[in-house]
Amino acid sequence: MIEKNHEPIIPKEVFEMVQDEKERRALLKGNLVGDRHKYTSKYAFSGKIYCGKCGNTFKRRTWNSTSKYKKIVWQCKTYIVDGKGACDAKAVGEQVLMDAFVKVFNRINENKDAFIKTLTDNIEKVLSERKTDKEINALDSQIEKIKNELKGLIKFQIQNNLDEDVYKEEYIRISKELEELRRRKAQLEKENSLKDDYRKRVDEIIQVLAGRQGLLEEFDDKIFNALVEKIEVLTPTHFIFVLKSGMRVEEV
Ligand SMILES: [Zn+2]
């Protein structure tokens, strides 16, 4: 027998279920946490440049804004907010970053065919691991079954006035089972949605490369956005370009 107490019958499980559902909906809408800058960014590099020393993002700044020595740089936010003692990463010239991207792109473009082949193989591998509708539907019908079990229990309690402790114990058991199934379903959907998202990114890279004839002569923010997930700044002249396919390209 469980001792009588005044705890709510469904404690935090329901709350967590609601949270999961919120997260799931956000994922389906594409509002991934950390991906928000995509909709608000004014500059191609906003939210995409990371400090190789402390991991924080870089912020755009204008040096000597009123003089002819005016220069646009990107600088670690930790350095800006907490000073050199917190992070001593140096600022990077915006033009340096742009030139580095042009070089990276042209290197990739020279080996375009091999590069596209690798990307296509990657997509196929990722999609082969995608969960099918059949698996998700099977979970759905299990969820329906458990929900009915729960309804049945409530109805039975109303009609037969079951011992409160027995009822409570049973209610919690079924609720937990339901919660577990919903969590599994949300997990599957999340994984699928990430895989679909990956495919879209890689498809976009392939399209950009396939549609591009000849070398890039100057920075192009559309091409940059299509290809690059982020840039890690190791020094003001040494970068790692992380492509949206997950590939890392070093540029010194
Ligand atoms: Zn830093």
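Further up the page is the structure itself.
In this report, the structure presented in the accompanying data block is examined. For clarity, every value in this text was computed on a predicted model and none was experimentally measured.

### Describing the overall build of the protein chain
Okay, so step 1: Counting secondary structure elements, the protein chain contains eight helices and seven strands.
Okay, so step 2: Classification of the 252 residues of the protein chain by burial places 13% in the buried group.
Okay, so step 3: At a minimum sequence separation of 6, the contacts of the protein chain that also span at least 24 residues come to 59%.

### Thoughts on the sheet that holds strand 6 (residues 238-243)
Okay, so step 1: With respect to topology, four strands assemble into an open sheet ordered 1-5-6-7, the strand pairing being mixed. Both outer strands of the open sheet, strand 1 (49-51) and strand 7 (248-251), are each paired with one neighbouring strand and no more. For this sheet the average axis-to-axis angle between neighbouring strands, irrespective of direction, equals 25 degrees.
Okay, so step 2: Pairing analysis gives three bridges linking strand 1 to strand 5 (residues 228-235), with the strands arranged parallel. In the sheet register, Tyr 50 faces strand 5, and the bridge partner there is Glu 232.

### Re the nonpolar core
Okay, so step 1: Ranked by size, the top nonpolar core spans 28 residues in total, and within it Trp 74, Leu 97, Ile 231 and Val 233 carry the most contacts.
Okay, so step 2: For this core, the secondary-structure elements that each account for two or more residues are strand 1, strand 3 (71-76), helix 4 (94-110), helix 7 (164-210), helix 8 (221-227), strand 5 and strand 6.
Okay, so step 3: The element contributing the most residues to this core is helix 4, with six residues.
Okay, so step 4: Once residues lying within four places of it in the same chain are set aside, the contact partners of Val 233 are Ile 49, Tyr 50, Cys 51, Gly 52, Phe 58, Ala 89, Val 92 and Phe 239.

### Section: the packing of helix 6 (residues 133-160) against helix 7
Okay, so step 1: Taken N-terminus to C-terminus, the directions of helix 6 and helix 7 make an angle of 160 degrees; their axes are 10 Å apart at the nearest point. As judged from the angle between their axes, helix 6 and helix 7 are roughly antiparallel. Seen from above, helix 6 lies across helix 7 with left-handed handedness.
Okay, so step 2: Partitioning the contact of helix 6 with helix 7 into residue classes produces 12 nonpolar, three polar and nine charged.

### Let's talk about the pairing of strand 3
Okay, so step 1: Pairing analysis gives six bridges linking strand 2 (residues 58-63) to strand 3, with the strands arranged antiparallel. Bridge pairing links Arg 61 to Val 73 in strand 3.
Okay, so step 2: Of the strand pairs in this sheet, strand 3 and strand 4 (residues 92-93) are connected by two bridges, and their pairing is antiparallel. Bridging across to strand 4, Val 73 finds its partner in Gly 93.

### As for the sheet that holds strand 4
Okay, so step 1: Judged by pairing direction, the sheet is antiparallel, and its three strands sit side by side in the order 2-3-4 without closing on themselves. Strands with a single pairing partner mark the edges of an open sheet, and in this sheet they are strand 2 and strand 4.

### Topic: the environment of Asn 64
Okay, so step 1: In this fold, Asn 64 is placed in the loop between strand 2 and strand 3.
Okay, so step 2: Discounting residues that sit within four places of it in the chain, Asn 64 has contacts with Tyr 69, Lys 70 and Lys 71.

Analysis parameters
- Residues numbered from 1 in each chain as written.
- Predicted model: local features only at pLDDT ≥ 70, side-chain atom pairs only at ≥ 80, totals over all residues.
- Helix = DSSP H or I, 4+ residues; strand = E, 2+ residues; numbered from the N terminus.
- Buried ≥ 20, exposed ≤ 12 C-beta atoms within 10 Å, placed from the backbone.
- Contact = placed C-beta atoms within 7 Å.
- Pairing = 2+ DSSP bridges.
- Axes fitted to C-alpha atoms, helices over the stretch in contact; angles between N-to-C directions.
- Core = buried A, V, L, I, M, F, W, Y, C linked by C-beta atoms within 7 Å.
- Parallel < 35°, antiparallel > 145°, perpendicular 65-115°, else oblique.
- Left-handed = near helix turned anticlockwise from the far one by under 90°.
- Nonpolar A, V, L, I, M, F, W, Y, C, P; charged D, E, K, R; others polar.

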